[in-house]
Amino acid sequence: MRRFVTVMSVMAALLLLAGPAWAQGVLKVAITSSLNTLDPAKSKLGDEYLYMFMVFNSLTMIDRDLTTKPELAERWEAAEDLKTWTFHLRQGVKFHHGRELDAEDVVATIKRLLDKEVGSRARVNFLIVDKVEAVDKYTVRFTLNTPYAAFPEILGERQARVIPRDAVDKLTTQPIGTGPFMFKSFTPGDNLEMVKNPNYWEKGLPLLDGVILKVVPESAARVTGLETGELHVVWELPLESIPNLKKSPNVVVDEVPTSTWDGIIMHNGQKPFDHPKVRLALQYAVDKTQLVDVVLFGHGVPTHSPISPRDPNFNKALSFKPDLAKARKLLAEAGYPNGFEIKLYVPEGRAQRVRLGVTLQQMLKPIGVNIDVQRIPWDKFMTDIEGKATFSINGFFSRPTVDTALYPWYNSKGSWNTGLWHYKNPKVDELLDQARQTKDENARRKIYEEFQKLVVEEDPPSIVPYVINHVNGFRKEVKGIYSSPMMWFDLRKVSLAK
């Protein structure tokens, strides 16, 4: 009996060492559009963020509970004035081409983000960095030009993936990171394939052999593929498909609140939106609560700005109630007593944003604004419409802090603002700078409340109608997967049950 028990114990130990029965396989994830870049610094699409989260790491990571945790940096500390930050790197972390990560790679990554010629959307977040230097092989010091308590959070941002300084030239064709998966191939418009990193610094991870991001633009095809098992995961489920999928015995629908938002974008440098009263009139004409019901099928909540109503900095004193009489009065004062006709550009294949455009068309008719909704293919929308059209609709993802959710979009030099609605308001600039420099949370909250009042009731750059829940669909054989408020996937501990 003792011999039998010993044999069984050895077998059990071997099974544990081998890992669970499902700790292998290639996960197939459906995304909506092809990637425009493989370069983390230049990324700006959700589909790009998914790939970058798997192939690269950052100094810090924003976990699904929205707390900031160590990643490539195992610890950090700040000087009392919050202007000097020191990060200590993990030792022994290797890039996919075999070289060990060191402090000079971090320095090169941040300097590249700050390079105006690179054109990173995250550049504005790092303009607070006066100097970044390698203290020694595993220590990096940042000197800031202003106190910034949330500095570790911005180092976990999407574009702040650490790259090897000796392989920058490969970022567009054979990108190299330190992440759990290694880039294998990319066929634009079809798929991006990644394979397991056998030397990943977190021992025993990842569990999967690989991940394939499959481009499936048609929402019906994504849903069908999930139901039949051709796909394991659908990132960002079509909202209209949720009720039926919840009835499927083989599918899990996973939903989390976020601060992701769609924007009704008015180009402030072009008529009629160069007049603030026109923008304000449209703000008063829109019924945001109704938009949540019609456009999102209830999977979201109205908001005043990218600040979510769940955030303590949200200004609860402001109303969502539309006022059509006031909207018509403002249009008349701006020189449009009979309203105007205008084209509204929406991205084809983004059903949610198309619904927003069509619903907006109906909402603005009572104030004399007649909209011609133009549906534009996604690739053409990104090249010809974004930041150039007079009137358009687009969507933007959650950010790790209120500052990073606002500053790039509302500051007159913000990287998203200058490529989107082209807004300039010195008072807004002053408030955003003041909030960055304010240590006291209550004082900072009051600044953000004042900011919201200004961009809602006085001088809106455009309209932020709601924040959206993030909803994904998984096959039941996918284990260890979850949705994140940041709208990315952590697949390190994900596996496929046999």
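Fair warning: this is a prediction, and the values are worked out from it, not measured in the lab. (Residues numbered from 1 in each chain as written. Predicted model: local features only at pLDDT ≥ 70, side-chain atom pairs only at ≥ 80, totals over all residues. Heavy atoms only, no water.)

**Re the packing of aromatic side chains**
Item 1. Scanning the entire structure with this criterion turns up 25 aromatic pairs.
Item 2. Note on Phe-53 and Trp-488: the rings are 4.7 Å apart at their centroids and 15° apart in plane angle, and the pair reads as stacked. Of this pair, Phe-53 sits in helix 2 (residues 46-55) while Trp-488 sits in the loop between strand 18 (478-479) and strand 19 (495-496), and the two are 435 residues apart along the sequence. Each member of the pair, Phe-53 as well as Trp-488, is classed as buried.
Item 3. Here the aromatic rings of Phe-273 and Phe-391 are separated by 5.0 Å at their centres, their planes lie at 45°, and the arrangement is tilted. Linking Phe-273 in the loop between strand 12 (251-266) and helix 7 (276-285) with Phe-391 in strand 16 (residues 391-396), this pair joins segments that are 118 residues apart in sequence.
Item 4. Assessed through its relative accessible area of 0%, Phe-273 is described here as buried.
Item 5. Among the aromatic residues, those joined into a cluster by ring pairs are Trp-261, Phe-396, Trp-409, Tyr-410, Trp-416, Trp-421 and Phe-451.
Item 6. Looking at Arg-436, its charged tip hangs above the ring of Tyr-407, at a distance of 3.6 Å from the centre. (Phe/Tyr/Trp six-rings, centres within 6.5 Å; stacked < 30°, edge-to-face > 60°. Helix = DSSP H or I, 4+ residues; strand = E, 2+ residues; numbered from the N terminus. Buried < 20%, exposed > 50% of the residue type's maximum accessible area, 1.4 Å probe, protein only. Lys NZ or Arg CZ within 6 Å of the ring centre and 35° of its normal.)

**As for unusual backbone geometry**
Item 1. Residue Pro-206 is reached from Leu-205 by a cis peptide bond, and omega for that bond is -5°.
Item 2. Omega for the peptide link from Lys-271 to Pro-272 comes to 5°, which places this bond in the cis form.
Item 3. Note on placement: Pro-272 falls in the loop between strand 12 and helix 7.
Item 4. One non-glycine residue, Leu-82, lies in positive phi territory at about 60°.
Item 5. Owing to a relative accessible area of 18%, Leu-82 belongs among the buried residues under this scheme.
Item 6. One non-glycine residue, His-422, lies in the positive phi region at around 55°.
Item 7. Along the chain, the position of His-422 falls in the loop between helix 12 (402-410) and helix 13 (426-437).
Item 8. Note on His-422: relative accessible area 27%, which makes it partly exposed.

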